[in-house]
Structure formats: structure tokens, C-alpha cells
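A structural walkthrough
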Amino acid sequence: MVTRSGGPTPARIDREWPFQVALPDDLCVDRNFALIKKFCDEQGLPHMTRQVQAIWPGGEYENWRLHCFADTTTAQAFLVHFGGVMFDPKRDRESGKALGVWRRTDSYERILDLGPLSVPEILRH
């Protein structure tokens, strides 16, 4: 099944690309988008992306981008290069719902720099 945009549905992504690395969305824009794309292309790491909203116990929330891979080896290569958090769609999303939020249990801390990625200056304030 596909979405109106022609891409796979969120449920299909979770099923077929279950090894997911989460990065704050602000780290996946501008020149960082090009760095991520270049790395994945050069390393031959086919993947899909999707969004999830992370919500912390104190009420803070932030959009994160999931970089989804079909196997653990490619996900680990991405994680080693860029950092991030392994995301398990069955465990981390509300009862495994494809459109559920990510209820974080740790304390919120805004990430401005991670590996070779850095939040653009305009988004830092």
C-alpha cells in the first residue's frame, strides 16, 4: 500500500524497514540533509525516512526524523557515522501504532551537534 504522495505507508515502512535511527529533525535539514544523502549514497545504504514526535515527561516535545533500514548492519553503519538513538517501532511508539508518538522516559535535552551534524544557526534560537 502507498500513501497519496506515492510513498509507502508508515505501517509498511515499520514492517519492511524496522531498523530505525532517530535524529532530531533540526539536524536533518540544510547542509546536513546533503551530508546524510551523500553518505547513504556512497555507502550504498538504501533507506526510508519518516517522522515521529517525541514527548518527554515534563511536557517538552520535538519532531525527530527516523532513518529506516531493512537490516541491522546498514542501520549500525548509519548510527556509527552520525550518532542518534536506535528506535524500535514496536516498543517505542504507543503500543506499536504506526502513527503513535514516541513517549520518552529520559529527561529532555536539546541536541545542537551530533557527530558531523550541526543545527543551522537560524534554528538555534
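Refer to the structure presented above.
First, a word on scope: everything that follows refers to the structure included in this document.

Here is what the cut-offs are and how they apply
- Residues numbered from 1 in each chain as written.
- Predicted model: local features only at pLDDT ≥ 70, side-chain atom pairs only at ≥ 80, totals over all residues.
- Heavy atoms only, no water.
- Core = buried A, V, L, I, M, F, W, Y, C linked by side-chain atoms within 4.5 Å.
- Buried < 20%, exposed > 50% of the residue type's maximum accessible area, 1.4 Å probe, protein only.
- Helix = DSSP H or I, 4+ residues; strand = E, 2+ residues; numbered from the N terminus.
- Contact = heavy atoms within 4.5 Å.
- Pairing = 2+ DSSP bridges.
- Axes fitted to C-alpha atoms, helices over the stretch in contact; angles between N-to-C directions.

Ranked by internal contacts, the top residues of the largest apolar core, which has 15 residues, are Ile 36 and Phe 78. Breaking this core down by element, the ones donating at least two residues are strand E1 (19-24), helix H2 (31-43) and helix H3 (72-82). Residue contributions to this core peak at four residues, all from H3. If we skip the residues at most four places from it in the chain, Ile 36 touches Leu 23, Leu 27, Cys 28, His 67, Phe 78, Phe 82 and Leu 117.

Across the nine residues of strand E3 (residues 61-69), seven count as buried, placing the element largely inside the fold. By the bridge criterion, eight bridges tie strand E2 (residues 48-55) to E3 in an arrangement that is antiparallel. Within the sheet, the bridge partner assigned to Val 52 lies in E3 and is Trp 64. Between E2 and E3, which pair antiparallel one after the other, the connecting turn spans five residues, and Gly 59 there sits at a positive phi close to 95°.

The strand order across the open sheet built from five strands is E4-E1-E3-E2-E5, with neighbouring strands paired in mixed fashion. One side of each edge strand has no neighbouring strand; the edge strands of this open sheet are strand E4 (85-87) and strand E5 (102-103). In terms of strand pairing, E1 meets E4 through three bridges, oriented antiparallel. If you follow Val 21 over to E4, its bridge partner there is Met 86. Strand contacts of H3: E1, E3 and E4, with the helix running at about 20° to E1, the strand carrying the most contacts.

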